[in-house]
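Coordinate inspection notes
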Amino acid sequence: MAGARGAAAAAASAGSSTSSGTPPPQEPGLGELLEEFSRTQYRAKDCSGTGGSRVERIEKRCLELFGRDYCYSVIQNVNGDICGHYPQHIVFLEYESSEKEKDTFQSTVQVSKLQDLVNRSKMARCRGRFVCPVILFKGKHICRSATLAGWGELYGRTGYNYIFSGGADDAWADAEDITEEDCALRSDTHLFDKVRGYDIKLLRYLSVKYICDLMVENKKVKFGMNVTSSEKVDKAQRYADFTLLSIPYPGCEFFKEYKDRDYMAEGLIFNWKQDYVDAPLSIPEFLTCSLNIDWSQYQSWDLVQQTQNYLKLLLSIINSDDDSGLLVHCISGWDRTPLFISLLRLSLWADGLIHTSLKPAEVLYLTVAYDWFLFGHMLVDRLSKGEEIFFFCFNFLKHIISEEFSSLKTQRRKSLPARDSGFTLEDICMLRRKDRGSTTSLGSDFSLVMESSPGAAGSFTYEAIELVPAGAQTQAAWRKSHSSSPQSVLWNRPQPSEDRLPSHQGLIEAKSSSSSSSNHSDNFFRIGSSPLEVPKARLAALSERETRLQEVRSAFLAAYSSTVGLRAVAPSPSGAIGGLLEQFVRGVGLRGTSSSTL
């Protein structure tokens, strides 16, 4: 394939070479991919000229890598006709190409019907980023998208399409669906019923049952206007038949703190007390018991533990016995969403369950190109602001190498015969257990606080759950919420007032402003040298999973250091007024991010 013509990426710098002497193997074209990725944001309609030929090679290479293990069809998105920040050739995986898997799982989806639903449903989601299947595992589709569009974007886009098409464009309806009421869409409810109805039809056609929402807000607000919504706050309860999970995860802005702390995620905790954070953790009860995680403590988790626990949750969902698919989304679906989609792909690959013929460098190329670049992650913009969520994703692989993240372990556990005696699942869930009691800190978009926190012991019940922490001021309560998902438990820790904040010896507060952000690294200690250092070979025997993930991480660090590297934050090129206007236009979804401003 043409994607293999690129020269191999250069080896890492001398400071990151291993004692064994040989750099990790590189995928041909990975260097070209990272160079293009760090040069401009991908836009389907801009695939022309020199940059277009590079993108064409990247897309062809992705199709070749998918074709190694899967029979697939392609949803055409030439010139971004469906979505401007989705691949020109959207891959729909039908079944694994081996004869054994073909007999086990067969596709029940007709691509023509799927493309029709895509065209109708795209208006329902922010920036037109519709529900798109990207991973196939045991016949289940793991999908990605943006969150639901709010009335500002919905009316803005429909009006924009109407004006610039001479009043003839109706991307989400055709003659067979037009009724007398459809001719005059005068009420918000009717418009939302129509576009979200097509979104729900697409979800059901893909057999998606679980929807995981990573937003820390119920609705995204810009300039006092709701520009996006989400399934969990849909007033008409249109998504009540789906299993909704609200698992709030910090946005890309928070990863500026990660960079400022010399790329140390341990001890970095999001500040959940910020005004715009109003989405509590809410997970159906039946998904929480088997994971042995005290979800009530989620606001005290650092970035490592939070990412680990969310990944465990997603893996447990796709390893369940039913045949239902999974949707993961944040706001726009191009920062937090590819983070977890990429981690899911790599974790399942490391267990030998998907992409079984791909080597470490090949699966690395596939996930960087397809999950990040071709789905519109704005690496240039994120690098300019120091929001290095992309680097965090692959550097984080060192934290999921253990067997507790293995899907093979789950399958082995299911195959074990039932015991006549011993603890049942309910017994285990009712056991009192200790909190991990790690050193914690409170982080936000503009501040970072580190403190030592005492551990807390909690007890699990199916009704109201009362925690018994070390201090009375740090008590937390669980309460039930019967919103979109029945039988879901909603965790929300009440925040102490300013005059009741716990006092701990050795409290460190570092404001992330222009005057003190450079001092962050002085407050922390790093063992080793550069974050880009390629891991050295160890004498101890490694599991196959650990070996495979370490090879992916090593290949990424070597390629990243020779192409992108660790960059200083550059000032924004936009003026104050122009920047505000551009932010408003993008916020309501009338314009994507221009590569010229990156």
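Structure: above.
Everything in this summary refers to the structure shown in the same document. Since the model is a prediction, treat every value here as computed from it, not as a measurement.

Along its length, the protein chain carries 16 helices and 18 strands. Expressed as a percentage of the 598 residues in the protein chain, the buried residues total 54%. Contacts in the protein chain between residues far apart in sequence, at least 24 positions, make up 76% of those at least 6 positions apart. Split by element, the accessible area of the protein chain, about 25,800 Å² in all, is 52% carbon and sulfur.

What follows concerns unusual backbone geometry. A positive phi angle, close to 55°, is found at Lys138, a residue other than glycine. As for its placement among the helices and strands, Lys138 is situated in the loop between strand S3 (132-137) and strand S4 (140-145). Accessibility expressed as a relative area gives 26% for Lys138, which makes it partly exposed. In this structure, Tyr263 is a non-glycine residue whose phi angle is positive, near 60°. Residue position: Tyr263 is located in the loop between helix H7 (255-260) and strand S9 (281-284). For Tyr263, a relative accessible area of 7% corresponds to the buried category.

Burial runs high along strand S10 (residues 325-329): five of the five residues are buried. Side-chain alternation along S10 places Gly325, Leu327 and His329 on one buried face and Leu326 and Val328 on a second face that is also buried. Direction of pairing for S4 relative to S10: parallel, over a ladder of four bridges. Directly across from Ser145, in S10, lies its bridge partner His329. As defined by bridge partners, strand S5 (residues 208-213) adjoins S10 across five bridges and the pair is classed as parallel. Across the sheet, residue Ile211 finds its bridge partner in S10, namely Leu327.

Let us look at the packing of aromatic side chains. A full pass over the atoms with the stated rule returns 31 aromatic pairs. Seen in terms of ring centroids, Tyr249 and Tyr310 are 6.0 Å apart; in terms of plane orientation they differ by 50°. Their pairing is tilted. You can see Tyr249 sitting in the loop between strand S8 (243-246) and H7 and its partner Tyr310 sitting in helix H8 (residues 303-318), a full 61 residues away along the chain. You can call Tyr310 buried: its relative accessible area is 0%. The ring of Phe405 carries Lys312 above its face, with NZ or CZ at 5.2 Å from the centroid.

The rules behind these values
Residues numbered from 1 in each chain as written. Predicted model: local features only at pLDDT ≥ 70, side-chain atom pairs only at ≥ 80, totals over all residues. Heavy atoms only, no water. Helix = DSSP H or I, 4+ residues; strand = E, 2+ residues; numbered from the N terminus. Buried < 20%, exposed > 50% of the residue type's maximum accessible area, 1.4 Å probe, protein only. Contact = heavy atoms within 4.5 Å. Areas by Shrake-Rupley, 256 points an atom, 1.4 Å probe, with all protein chains shown as cover. Pairing = 2+ DSSP bridges. Phe/Tyr/Trp six-rings, centres within 6.5 Å; stacked < 30°, edge-to-face > 60°. Lys NZ or Arg CZ within 6 Å of the ring centre and 35° of its normal.

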